[in-house]
Amino acid sequence: MKLFKNLAQPIRLRKQKAKRQTLTQQMYKIYSENFVLPPGHTKKLLRVMKLTIFLLFIGFMQVSAISLAQTVTLAATNAPLSSVLTQIKRQTGYDFAISGKVIDQAKPVTINVKNGKLTDVLKKIFEGQPLDYSIEDRSMVISIKQPGFLDKLKNALSFNQSDVTGIVVDEQNRPIAGATVIVRGASNGHFTNADGVFHLKNVDDNAILVISFIGYQKQELPAHADMGKIKLVVATSTLDAVQVIAYGETSQRLTTGNITSVSAKDIENQPVADPLLALEGRVPGMFITQANGVPGSTVTVRIQGQNSLLSGNDPLYVIDGVAYISQLPPNLGGAIWPGGAATLNGPVAGSPLSYINSADIESIEILKDAEATSIYGSRAANGAILITTKKGKAGKTMISANVQDGYGHITREVPQLNTQQYLAMRNQAMANDGLTASADPADPGYAPDLKIWDTKSYTDWQKVLLGRNSHYLDGQASISGGTESTQFLVGAGYHRETTIFPGDFADQKASMHFSLNTSSDNKKFKLQLSGSFLNDNNQLPQTDPTFLASFSAPDSPPLYNQDGSLNWALNSLGSSTWTFGNPVAYLLKTFSNKTNNLGSHALVSYQLLTGLQLKSSLGYTNIQIDQITTNPLSALEPARRPRLQNSANYLYANENSWIIEPQLNYGKNIGQGKLDVLAGLTLQRQNMISDNYRGVNYYTDLQLTDPAAAQQTYPSATASQYNYSAIFGRINYNLNDEYLADLAVRRDGSSRFGPEKEFHNFASAGLAWIFSKESLVQKALPFLSFGKIKVSYGSTGNDQIGDYRFLTQYAYLPGYSYQGNLGLATQGIPNPYLQWELTKKANIGIDLGFFKDRLLISGNYAINRSSNELLPYPLPVIAGYNAILENLPATVQNKSLEFTITSINFKTKDFNWTTNFNLTIPTNKLIAYPGLATSSEANTYSIGQPITILKVAKFDGVNPADGNYQFIDRNGEVTEYPDVFGTPSDAIATVNTAPKFYGGLQNTVSYKSFSFEFMLSFTKQIGANDIFGGSDPGGFDSGNQPTSILNNVWTRPGDHAAVQKFSQTGSNFLQYFYAVNSDAAYSDASYIRLKNASLSWKFPGNVCRMLTISNARLYIQGQNLLTITKYKGMDPENSGLFGNQFVPPLRVITLGIQATF
Amino acid sequence: MKIITIKCAPERNKKYKNGFAPGISPRKMFRWARLLMLAGILASCQKFVQAPAPVTTLSSENTYTSVSTAAAVLDGIYIALNPSATNDAGNAFSLSTSLLCGLSADEFSQISTAGTSLTQYYTNGLTNQNGDLWNYAYPIIFNVNSAITGISNSRSLPATVKQQLLGEAQFVRAFLYFYLANLYGPVPLVLTTTPQANATLTRAPVNQVYQQIISDLTAAQSELGQQFLDGTIQNASTSRSRPSYWAATALLARVYLYNGYVTGDNSNFTNAVSESSTLIKNTTLFGLSSLEAVFLKASLGNKEAIWQLEPTVAGYPTSEAREFIIPATGPSDSYPVWLSNNLVNAFEPGDLRKTQWVNSVTTGGTTYYFAYKYKNNILNSTINEYSDIFRLGEQYLIRAEAEAKLNNISGARADLNAIRDRAGLPNTTAVTQNDLLIAILHERRVEFFTEMGHRWLDLKRMGAVNSVMSTVATEKGGTWNANDALYPVPATDLQTDPNLRQNPGY
């Protein structure tokens, strides 16, 4: 409620007369058609009603002939109206009601009357004032002048046109600015102003107004002079749900781009700490690979395939409008977080998105085609992922809490040889090599596993090392609420996740998030502020110990001696007999990762005019990484300790960036259409520093975390700055919601390129036709509720090449000195002509809605071509270096065929069932690569083949004569020694491990208070298998093997076997090596995985009331619950080399409760 | 008090002048527009986009603004010539030259499992995949050229420092081209850092390479000081680790001697005599040290040293000692080479160098002799030896050879005898020019064995390579072809530079 100046005594309302009551009822009717207010608002509503009635009443009073017999005497020159009225009050006893706003607009009064009639005086005073007055009983109400009711009525009767006004509000009665109000069939459309008010002139009386706003259901209402409040209801059709896009919003219905949205609900249902993992299988065109099941590990995201041969292929991440890093700074996590894509700066380790609290996310939008991404210019060649965090909503202050607790477990194990099978293999290997097992380390038949260890013992090392349950605990709490003009949300979260490895390893995250939205009274000025902070403390082993679980022999000695000390199982020379060291000792090499991630964002906007908005987005992010890896002497066998040193690595990296993006937005209705124009600019700066210390030689292992305790330290450091600026513009035209056009241009500058090539232009255009609006289509295909064809074409760039690549740089040669000086050396040949990799994207799509949008089908076909690839161009070494980074006209093509089906199968009061299905068929091809044959990549790529291929030897089974694997060389001859690394090479077979197709199927079923949801993800692909064993089978050093190697082993000449002869001495190791690098080592790794399922039960209303909570939900949910695959190896989702070196994604099941107070 | 809301018809826009919101006059609008435009200009301004030079690396401009960073570039070059922590031939130009040329010639024997690359050098069976010294030298030349450009363009370096560093760079360039021309014959003469031009160079005739070497060295002689300097480039030093006027002179003497053979022009021998005499005559600075002291660092009183390379990693002794000294357990993959019987037997009876500079181990009934010029191979011990790259002994033999070529028999004998005398040997019996040259070739063999490839270059220069190697190659288990005297141009460069041609026989 606004405050009013207390000029006069308040007026008391009397009972209304019958006539007026009828009118009131009519008014009420109008309102009630549009009004569905939450219970708390009834009072407010009544108050508004009363006022309206009162206003109407005043209207009547004005035209009624009233005579006031009183007289007044006044003399004033340029006096404020208020003081004049005060005098009148004093003389007549009349009360005045006038609001501060109204009185502000009053003009000074000059009057000189003696004993004038009150009515005459008033008339004179209000002459020329923009105000009206009315009198009832002994009160007088001053208001802003408006046409009298009868005038209106007269107008309405005598002409068939009138002006129409109204206020458009949302469900919480907040005015909606910028909503479109258009008269159906006419061309005079308007936007609502900052107060949500619209005013249309000369509207036909029988006209229909169409009121629409993104994210809300369109309303069509018959025109009235005063439409009152028009409440828009949030769209329920997925077609109309808000989609966040670059610098704005749209809906699936109205976009011309290829965009997929994932809502908070889908993310919340999944017990994963990294929000990227919640997207698996849900987004057509996006393929996600999790390197291993360790917290914080690398996640690879590819949107519509791999565009760049060597530069970054990561999408652009934008959190609340602020660009976020797509890669962590180079760090020490490479061994525990493997699988990162190789970039020009080395492999990537860790996932930066794991430092974002999933629970803070409201929605994630994935922008794929040029139309959606081109406005991000050089950063978005690989698509863009927009993350929007949760905001407060107006209304009662709500406290929400969500706690879940559960456990994780390995999804699959590889069946390994048991002791009996293992010993048989070892004895066979001995026999093959003509050796006798011996306990003497000098004997070629040295076999501790046969001679020293207890051959009757059996340990399932996968159980011991990977068999534990990890504990998963996640708690979130938030407070939110606010008024119409200010809303807030404050949330906090805690997450703890242990590993399945033995030992005290855990990842803990504590996070805070807040959001504040506020606007000025006139709604012209708006401020949106949000911030988040996350502290991560991740204590892990330095290396994924999964390979120990796979390779440790089943009769390996016990981990501990009877006295509790580590068992090294020494031989006669005092050396440990463990093949890979005691696994527990191995886990003493630790990795500690402490990360602080701060993100903040502000959006300030001011409405200059109706439709014209000036706004600026401001953001600052800072990520700090503090890592230590330790290599204690205690991890080494006792005999080796005197000759080796303990060591530790320390890394401190800080990456911070700020961004300012002022924008000017202009929207105007032109004819039947709506024009939106956006212009803006970007200034972004990113600073990275990384200090690295290697400490060697500590007095004690206990001090490995203290760099000062090292007797020798070797420091190194890198620092870089990345600057980025751009001017951009976008024009969007929507003609009658039927024809949509979008044009975006951007001029980009990036410091990663030399002065010669800093700037570049990018542009895109998109067109869409909603053909279901055609009456012809509507008549012919009545079941088709929505139909849209869209095309887009445009260019985007890629500057993910690392900083300073164009500059002659000298760097110190760490560890070396001459005459006591450090030495400097050049770092490659600079190329000042380096420029963007350019990706041109074409997309054609169709969206269809059937049966009132209950069935939605959408298809997209994208062709993306990346050229100007940044590649090392081979140089003769006489030029100083054997390559220079250049833009080569190499061209990579990605095609992506994407389908989505959304269907509401049942929709009743109690029972609802919806299905989502998506499928992507990607293809990738290297179109051109000048000079490929002579380049260092000649053995990696082939023209016309996908760039993801591997060139491997051609397997030809086992040579029956000597029992070794054999291969077909490039001349078609059988050989046991294919020259796979030579030029020309015998790597004549190609395998492609990129997926052939992938997708997901999601079903949501709700029945009364129960809700069940499950998601299947599927992938058709080829992966590395383990049929040749984990390492060449038979040798002591090779350890245990998967049972697959027992399948038809060569034992004597003439055998037609599948597995080559076992060997103690590694006599046929080379053949084994070629075999795992042959086409036979790759086989089907397709899978269907029950990625996620969740069942929840809503507390009944009376229970909630009893507990004085507004609602509560009990749920059980799980991740990676079931896998159907023929894959030979540990897990088809991360089929690395040999298939069993990395711990697969875990199966996590949690039980949780969510409550709102 | 009662508060009353009064709704009013929203007719506001009507009242505003020109339809602008209150407070927004057209003038203000223009101000906004101007501001936006200004910001736009700012954005496109290169100033913002251009990132400042990195902090942890130096841009070329910054590098040559201070003495210490400019000097560090040269120090980086010396490190590249002799990176102490690498084993075997790995990436080290100086050690690789000693090792690979010694294997190609008749100085070493090696174990059968020494590795493909070493074996190919050993058996004179190189292929176009063996690019070792070529691949080590040219990247250093790139840094040298980069330094020459940077130093020449620098406006802030003191003139004396600028001269000294420029001289050092030119000296190193001459030094590397001397080896390239002698190992590969005609080689591309890369004198700039422009990749476009350098990537298409042809091989310059040996003649032209020598002209460049001589011009670089004469320039270096005028630029370099006669004082030995320390790492500050400003203070004198007792060590002789930085190239000086004397180092340039020593190389120039050698280059003139070689160039006499290349061109057949005797004036070169005259020049060689005069250059080497400059060094030999300067007895204040230089003299022949006792055999025990020849490889000690100059600061310990070794007056024989002209230019030495320091070990470049703290705690590491010379690469030569670490590579050549064979432990009591005998040769292995880590210590794959030892002195050939051919060489060991070449020492005359009573040659003190055989007792002072050769040592042996006996395992399994076999005695392995190894080079023991550098004696300290213990990590973290006191470093008392630096690698001799140029020493006065060579100047005596250069002058002896040049004098012999000029038919100055007595002068030649005197210089030869000076070296023999130190080794405890009687005066040479050679009296004819030819005998004297043979005697000098022999003397060089036992004086400079396993040092910077002298033997391999001597055999080639003095025309003995085919006669000597045809027997030696067979002993080593290979075959000799006259084409083997030149190493092959690496295949990678032939593929990437269309104008390069391979040496005959590869």
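Only a predicted model underlies this, so the values are computations on that prediction, with no experimental measurement involved.

A.B. asks: Whenever I open this one, the overall build of chain A confuses me. Can you help?
C.D. replies: Counting secondary structure elements, chain A contains 16 helices and 56 strands. Counting across all 1157 residues of chain A, residues that qualify as buried make up 55%. Sequence-distant contacts, at least 24 apart, represent 70% of the contacts inside chain A between residues at least 6 apart. Summed over all atoms, the accessible surface of chain A reaches about 47,300 Å², with 57% contributed by carbon and sulfur.

A.B. asks: Sorry, what's going on with the overall build of chain B here?
C.D. replies: In terms of helices and strands, chain B carries 22 helices and seven strands. Within chain B, buried positions represent 58% of all 506 residues. Look at the contacts in chain B between residues 6 or more apart in sequence, and 69% of them connect residues 24 or more apart. Element-wise, carbon and sulfur atoms account for 53% of the exposed surface of chain B, whose accessible area totals about 19,200 Å².

A.B. asks: Sorry if this is basic, but what is going on with helix 6 (residues 93–104) of chain B here?
C.D. replies: Every α-helix carries 3.6 residues per turn, so stepping three or four residues along brings you back to the same face. All names here are of chain B. End to end, helix 6 covers 16 Å across twelve residues, agreeing with the expected 16 Å (1.5 Å per residue, within 8%). In terms of burial, helix 6 is a largely internal element, twelve of the twelve residues being buried. Turning to helix 6, its buried residues number three or more, namely Phe93, Ser94, Leu95, Ser96, Thr97, Ser98, Leu99, Leu100, Cys101, Gly102, Leu103 and Ser104.

A.B. asks: Teacher, can you tell me more about a nonpolar patch on the surface here?
C.D. replies: Residues and elements named next belong to chain A. Residues Val490, Met512, Phe514, Leu516, Phe533, Leu598 and Tyr620 make up a contiguous nonpolar surface patch of about 520 Å² in total accessible area. Tallying contributions element by element places strand 27 (residues 506–519) first for the nonpolar patch, with three residues. Position of methionine 512 relative to the elements: it lies in strand 27.

A.B. asks: I would appreciate a short explanation of the pairing of strand 27 of chain A in the present structure.
C.D. replies: One face of the sheet, then the other: side chains in a regular strand alternate in exactly this way. Residue and element names in this part refer to chain A. Across 13 bridges, the pairing between strand 26 (residues 486–498) and strand 27 is antiparallel. Among the inter-strand pairings, threonine 486 is bridged to a residue of strand 27, identified as threonine 518. By the bridge criterion, 14 bridges tie strand 27 to strand 28 (residues 525–541) in an arrangement that is antiparallel. When the bridges of strand 28 are listed, lysine 509 appears paired with aspartate 536. Hairpin remark: strand 27 followed by strand 28, antiparallel, with five residues in the connecting loop; positive phi at lysine 523, about 65 degrees.

A.B. asks: How should the pairing of strand 49 (residues 989–992) of chain A be read in this particular structure?
C.D. replies: Residues and elements named next belong to chain A. Only one face of strand 49 is covered, namely the one carrying Ala989 and Val991; the face carrying Thr990 and Asn992 has none of its residues buried. The pairing of strand 45 (residues 949–952) with strand 49 spans four bridges and is classified as antiparallel. When the bridges of strand 49 are listed, lysine 951 appears paired with threonine 990.

A.B. asks: How should the sheet that holds strand 1 (residues 58–59) of chain B be read in this particular structure?
C.D. replies: Hydrogen bonds along the backbone pair up the strands of a sheet, which may run parallel or antiparallel. In space, the three strands of this open sheet follow the order 38(A)-37(A)-1(B), with antiparallel pairing throughout. Looking at the sheet topology across the chains shown, the edges are occupied by strand 38 (821–826) of chain A together with strand 1 of chain B. Contacts between helix 5 (residues 67–81) of chain B and the sheet are confined to strand 37 (809–818) and strand 38 of chain A together with strand 1 of chain B, with strand 38 of chain A contributing the most and set at about 80 degrees to the helix.

A.B. asks: Sorry if this is basic, but what is going on with the side chain of A:Asp360 here?
C.D. replies: For A:Asp360, the position within the fold is in the loop between strand 21 (346–347) and strand 22 (361–367). For A:Asp360, the residues in contact, after removing those within four places along its chain, are A:Thr388, A:Thr389, A:Lys390 and A:His513.

A.B. asks: What is the right way to read the pattern of salt bridges from this model?
C.D. replies: A side chain with one charge can pair with a side chain of the opposite charge if their charged atoms come near. Evaluation of the coordinates by the stated rule reveals 50 salt bridges over all chains. As a salt-bridge pair, A:Asp240 and A:Arg253 come within 2.6 Å of each other at their nearest N and O atoms. Taken together, the positions of A:Asp240 in the loop between strand 12 (226–231) and strand 13 (242–245) and A:Arg253 in the loop between strand 14 (248–251) and strand 15 (259–263) put the pair 13 residues apart, joining distant regions of the chain. Look at A:Asp240 and you get buried, because its relative accessible area is 14%. Residues participating in the shared-partner salt-bridge network are B:Glu304, B:Glu348, B:Asp351, B:Arg353, B:Lys373, B:Arg391, B:Arg420, B:Arg422, B:Glu443, B:Glu447 and B:Glu451.

A.B. asks: Help me out: how do you make sense of the packing of aromatic side chains in this one?
C.D. replies: By convention here, two paired aromatic rings are described through the distance between centres and the angle between planes. This model, assessed by the stated rule, comprises 67 aromatic pairs over all chains. On the numbers, 6.0 Å between centres and 70 degrees between planes, the contact of B:Tyr78 with B:Trp307 is edge-to-face. Linking B:Tyr78 in helix 5 with B:Trp307 in strand 3 (residues 305–309), this pair joins segments that are 229 residues apart in sequence. B:Trp307 matches B:Tyr78 in its accessibility class, with the two residues each being buried. Joined through ring pairs, the aromatic side chains of A:Tyr818, B:Tyr78, B:Phe93, B:Phe171, B:Phe175, B:Phe178, B:Tyr179, B:Tyr258, B:Trp307 and B:Phe390 make up one cluster.

A.B. asks: I keep staring at unusual backbone geometry and nothing clicks. Help me out?
C.D. replies: For residues besides glycine, phi is generally negative; the peptide bonds are generally trans as well. Residues and elements named next belong to chain A. Its identity as a non-glycine residue notwithstanding, lysine 852 has a phi of 55 degrees, on the positive side. With respect to the element layout, lysine 852 can be found in the loop between strand 39 (837–850) and strand 40 (855–867). The exposed category is assigned to lysine 852, whose relative accessible area is 75%. Backbone geometry places lysine 1008, a non-glycine residue, at a positive phi of 50 degrees. By the element assignment, lysine 1008 lies in the loop between strand 50 (997–1007) and strand 51 (1010–1020).

A.B. asks: Would you take a moment to explain the sheet that holds strand 10 (residues 208–212) of chain A for this structure?
C.D. replies: Residues and elements named next belong to chain A. Read from one edge of the open sheet, four strands run 8-7-10-11, paired in antiparallel fashion. Of all strands in the sheet, those with a lone pairing partner are strand 8 (190–191) and strand 11 (219–222), marking the two edges. In the sheet, strand 7 (residues 180–183) pairs with strand 10 via four bridges, with the strands oriented antiparallel. Each bridged residue has a counterpart across the sheet, and for valine 181 the counterpart in strand 10 is isoleucine 211.

A.B. asks: Would you take a moment to explain the packing of helix 9 (residues 159–184) of chain B against helix 12 (residues 245–263) of chain B for this structure?
C.D. replies: Pairs of packed helices are described in terms of their axes, by the angle between the two and the distance that separates them. Residues and elements named next belong to chain B. At a minimum axis distance of 10 Å, the contact between helix 9 and helix 12 shows a crossing angle of 25 degrees. Taken together, the axes of helix 9 and helix 12 are roughly parallel relative to one another. Both helix 9 and helix 12 take part in a crossing whose hand is left-handed. The segment helix 9 lies against helix 12, with Phe171, Ala174, Phe175, Phe178, Tyr179 and Asn182 engaging Ala247, Ala248, Leu251, Arg254, Val255 and Tyr258.

A.B. asks: For this particular structure, what's the right way to read the nonpolar core?
C.D. replies: Side chains that are nonpolar tend, in soluble globular proteins, to be buried together. Ranked by size, the top nonpolar core spans 154 residues in total, and within it B:Leu81, B:Phe93, B:Phe171, B:Phe175, B:Tyr177, B:Trp307 and B:Trp456 carry the most contacts. Counting residues per element, this core draws most heavily on helix 9 of chain B, which supplies 16 residues. Membership of the second largest hydrophobic core comes to 97 residues, among which are A:Tyr317, A:Ile356, A:Ile500 and A:Ile625.

A.B. asks: How do you make sense of the packing of helix 3 (residues 81–92) of chain A against helix 5 (residues 118–125) of chain A when you look at a structure like this?
C.D. replies: Residues and elements named next belong to chain A. At a closest axis distance of 12 Å, the pairing of helix 3 and helix 5 adopts a crossing angle of 175 degrees. Regarding the angle of helix 3 to helix 5, the classification is roughly antiparallel. Counting all contacts with helix 3, which are made through Leu81, Val84, Ile88 and Thr92, the residues of helix 5 involved are Leu118, Val121, Leu122 and Ile125. Each residue belonging to the contact of helix 3 with helix 5 can be placed in one class, and the counts come to seven nonpolar, one polar and no charged.

A.B. asks: Please explain the environment of A:Leu644 as it appears in this structure.
C.D. replies: All names here are of chain A. Mapped onto the elements of the fold, leucine 644 is located in the loop between strand 30 (612–631) and strand 31 (647–670). Sequence separation of leucine 644 and leucine 633 is eleven residues, and the distance between their C-alpha atoms is 7.7 Å. The contact partners of leucine 644, leaving out residues within four places of it in the chain, are Leu633 and Leu636.

About the criteria used
- Residues numbered from 1 in each chain as written.
- Chains lettered and ligands numbered in written order.
- Predicted model: local features only at pLDDT ≥ 70, side-chain atom pairs only at ≥ 80, totals over all residues.
- Heavy atoms only, no water.
- Helix = DSSP H or I, 4+ residues; strand = E, 2+ residues; numbered from the N terminus.
- Buried < 20%, exposed > 50% of the residue type's maximum accessible area, 1.4 Å probe, protein only.
- Contact = heavy atoms within 4.5 Å.
- Areas by Shrake-Rupley, 256 points an atom, 1.4 Å probe, with all protein chains shown as cover.
- Expected span 1.5 Å × (residues − 1).
- Patch = residues over 30% accessible without salt bridge, like charges linked within 9 Å, V, L, I, M, F, W, Y side chains within 5 Å.
- Salt bridge = Lys/Arg side-chain N within 4 Å of Asp/Glu carboxyl O.
- Pairing = 2+ DSSP bridges.
- Axes fitted to C-alpha atoms, helices over the stretch in contact; angles between N-to-C directions.
- Phe/Tyr/Trp six-rings, centres within 6.5 Å; stacked < 30°, edge-to-face > 60°.
- Parallel < 35°, antiparallel > 145°, perpendicular 65-115°, else oblique.
- Left-handed = near helix turned anticlockwise from the far one by under 90°.
- Core = buried A, V, L, I, M, F, W, Y, C linked by side-chain atoms within 4.5 Å.
- Nonpolar A, V, L, I, M, F, W, Y, C, P; charged D, E, K, R; others polar.

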